[in-house]
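Examination of the molecular architecture
One-letter residues, chain by chain:
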Amino acid sequence: MGEAEDPDPMTAIERLEAAAARRPRYVLRLFVAGSGPRSARAIERAREICETHLGGRYDLEIVDVHQTPDRAGADDVFAIPTLLKELPAPLRSIIGDLSDEGQVLVALGIGRDGSSQP
């Protein structure tokens, strides 16, 4: 008996690439104030969460409000540190040093496996 031919002409790599293309790219902006311990911790946590749960599917901009104070006002940021998720919609804000990973993932709509959550 001969080998059964796979009815799906896509290779395993093509299927993985197609699945990755359906997962949204996240656009994030983290507002910090200087280089103090709270700011450093928020930056570290944002990067860790993004790498662990989003892989390369994110753009993270760090905004120091000491250097560009008008940026916080333009984005209606009144507490520091604050992480804004611009994309995918809806817009979300998370205030604090991002130490509660579970809460950050829920707020961003990200599953622990990196999938989008409704």
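So, how was this worked out
Residues numbered from 1 in each chain as written. Predicted model: local features only at pLDDT ≥ 70, side-chain atom pairs only at ≥ 80, totals over all residues. Heavy atoms only, no water. Core = buried A, V, L, I, M, F, W, Y, C linked by side-chain atoms within 4.5 Å. Buried < 20%, exposed > 50% of the residue type's maximum accessible area, 1.4 Å probe, protein only. Helix = DSSP H or I, 4+ residues; strand = E, 2+ residues; numbered from the N terminus. Contact = heavy atoms within 4.5 Å. Salt bridge = Lys/Arg side-chain N within 4 Å of Asp/Glu carboxyl O. Arc of directions from axis to C-beta. Polar contact = N/O pair within 3.5 Å; in protein donor to acceptor, adjacent residues only side chain to side chain.

1. Remarks on the nonpolar core
- One finds L30, L83, L98 and L108 to be the most contacted residues of the largest nonpolar core, which totals 18 residues.
- Looking at this core, the elements with two or more residues in it are β1 (26-32), α2 (37-54) and α4 (101-108).
- Considering each element in turn, this core owes the most residues, 6 residues, to α2.
- Among all residues touching L83, those that are not within four sequence positions of it are L28, R29, L30, L60, R92, S93, I94, L98 and L108.
- Counting 6 residues, the second-largest nonpolar core is a separate cluster that includes V63, A72, V77 and L84.

2. Some points on the pattern of salt bridges
- Across all of its chains, the model carries 7 salt bridges by this definition.
- D59 is the salt-bridge partner of R25, the closest N and O atoms lying 3.1 Å from each other. Of this pair, R25 sits in the loop between α1 (12-22) and β1 while D59 sits in strand β2 (residues 58-64), and the two are 34 residues apart along the sequence.
- Overall, R25 belongs to the partly exposed group, its relative accessible area being 42%.
- In this structure D59 comes out as partly exposed when scored by relative accessible area, which is 38%.
- Note that E61 is salt-bridged to R71, the shortest N-O span being 3.0 Å. Placement of the pair is E61 in strand β2 and R71 in helix α3 (residues 69-74), with a sequence separation of 10 residues.
- A relative accessible area of 32% means that E61 is categorised as partly exposed.

3. Some thoughts on α4
- Turning to α4, its buried residues number three or more, namely G102, V104, L105 and L108. All buried residues of α4 lie within an arc of 160° about the axis, which places them on one face of the element. Away from its buried face by more than 90 degrees, α4 exposes Q103 and V106.
- Lining the buried residues of α4 we find β1, α2, β3 (82-87) and β4 (92-95).
- At the C-terminal side of α4, G109 shows a positive phi close to 75°.

4. Here's the deal with the side chain of R57
- By the element assignment, R57 lies in the loop between α2 and β2.
- Exposure remark for R57: the relative accessible area of 13% places this residue in the buried category.
- Side-chain polar atoms of R57 contact the backbone oxygen of P24, separated by 2.6 Å.

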